[in-house]
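Letter by letter, the chains look like this.
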Amino acid sequence: MGSLLKGVSGVRWGELRDARGLPAGDIPPLLSRIAYGGEGTARRMVDELGDRVCALGFVVGEATALTVPFILELVGAPYVPCKAELVDLLECIYRTDSWHSSAAAAGSLKRTSFREQPAWESASRKAVHAGRLVIEHLASSMCPEEAEPAGKLLLAMDEVLPFPDL
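A short tour of the structure in this document, coming up. (Residues numbered from 1 in each chain as written. Predicted model: local features only at pLDDT ≥ 70, side-chain atom pairs only at ≥ 80, totals over all residues. Heavy atoms only, no water.)

### A few points about the packing of aromatic side chains
And step 1. Scanning the entire structure with this criterion turns up one aromatic pair.
And step 2. With 6.2 Å between their ring centres and 55° between their planes, W13 and F70 make a pair best called tilted. In this pair, W13 sits in the segment before α1 (27-36) while F70 sits in helix α3 (residues 64-76), placing the two residues 57 residues apart along the sequence. The same class applies to W13 and to F70, which are both buried.
And step 3. The ring of Y94 is capped by R125, whose NZ or CZ atom sits 5.2 Å from the centre of that ring. (Phe/Tyr/Trp six-rings, centres within 6.5 Å; stacked < 30°, edge-to-face > 60°. Helix = DSSP H or I, 4+ residues; strand = E, 2+ residues; numbered from the N terminus. Buried < 20%, exposed > 50% of the residue type's maximum accessible area, 1.4 Å probe, protein only. Lys NZ or Arg CZ within 6 Å of the ring centre and 35° of its normal.)

### Things to note about the side chain of R52
And step 1. Inspection of the secondary structure assignment puts R52 in helix α2 (residues 39-53).
And step 2. Look at R52 and you get buried, because its relative accessible area is 4%.
And step 3. Within the structure, R52 has its side chain in polar contact with the side chain of D18 (distance 2.3 Å). (Polar contact = N/O pair within 3.5 Å; in protein donor to acceptor, adjacent residues only side chain to side chain.)

### Observations concerning the state of the cysteines
By definition, a disulfide is the covalent link that joins the sulfur atoms of two cysteine residues.
And step 1. For the structure shown, the criterion picks out zero disulfides.
And step 2. Free of any disulfide, C54 has its nearest neighbouring cysteine sulfur in C92, separated by 5.2 Å. (Disulfide = S-S within 2.5 Å.)

### Some points on the pattern of salt bridges
And step 1. Counted by the stated rule, this structure contains twelve salt bridges.
And step 2. A salt bridge links E85 to R43, with the nearest nitrogen and oxygen atoms 2.2 Å apart. Here R43 lies in helix α2 and E85 lies in helix α4 (residues 83-95), a separation of 42 residues in the sequence.
And step 3. On the accessibility criterion, R43 (36% relative accessible area) is partly exposed. (Salt bridge = Lys/Arg side-chain N within 4 Å of Asp/Glu carboxyl O.)

### Regarding helix α7 (residues 132-139)
And step 1. Looking at α7, one finds that the buried residues are R132, I135 and L138. Projected down its long axis, α7 shows its buried positions confined to an angular sector of 125°, all on one face. Turned more than 90 degrees from where α7 packs its buried face, L133 and H137 sit exposed.
And step 2. Each element contacted by the buried residues of α7 is listed here: α3, α4, α6 (116-130) and α8 (144-159). (Arc of directions from axis to C-beta. Contact = heavy atoms within 4.5 Å.)

### Here's the deal with the packing of α4 against α8
And step 1. Taken N-terminus to C-terminus, the directions of α4 and α8 make an angle of 10°; their axes are 8 Å apart at the nearest point. Relative to α8, α4 is oriented roughly parallel. In this structure, α4 crosses over α8, and the sense of that crossing is left-handed. Touching K83, A84, V87, D88, L90, E91, Y94 and R95 of α4 are E145, E146, P149, A150, K152, L153, A156, M157 and E159, all from α8.
And step 2. In terms of residue class, the contact of α4 with α8 is made up of nine nonpolar, no polar and eight charged. (Axes fitted to C-alpha atoms, helices over the stretch in contact; angles between N-to-C directions. Parallel < 35°, antiparallel > 145°, perpendicular 65-115°, else oblique. Left-handed = near helix turned anticlockwise from the far one by under 90°. Nonpolar A, V, L, I, M, F, W, Y, C, P; charged D, E, K, R; others polar.)

### Brief notes about the side chain of K83
And step 1. Turning to its location among the elements, K83 is positioned in helix α4.
And step 2. For the buried K83, no salt bridge exists, and the shortest N-O distance to an oppositely charged side chain is 4.9 Å, to E146.
And step 3. Polar side-chain contacts of K83 include one of 2.4 Å to the backbone oxygen of A77.
And step 4. When near neighbours in sequence (up to four residues on either side) are disregarded, K83 contacts L74, V75, G76, A77, P78, L138 and E146. (Lys, Arg positive; Asp, Glu negative; His and termini not counted.)

This is the structure we're talking about:
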């Protein structure tokens, strides 16, 4: 994958499921096309990646938290296009709480048929938060189309509380 995304091969993508419940093996090529495919290709691939790691803009999957560091790597790289779209995706991932909300509505994880999904949300939110320095750097960019979504994500990080213990 080149010097960018060199850690992608260390993840066992074939053993993971994406946000749609499908095998996550297609995520590494999407990341690579975002990094090296040119602006038009990158835009299409960011949309596809969004479907794979944050379906419908509010459902994360098993592979989401493991994908976030690579998205952050792309956001921090100097010549990767579509940084604003990638930051918007990170914000969607960070704000996702549908599984936690469902568990809270059910009264407890013990009374629901799902147990892993809230952990995916927690891990995904933590992974985005771990990249705060990258986002802060982008928020200070001279390019408003990059700085504004980064600032919005930073506000979300400050406003959205940690998940409660269920």
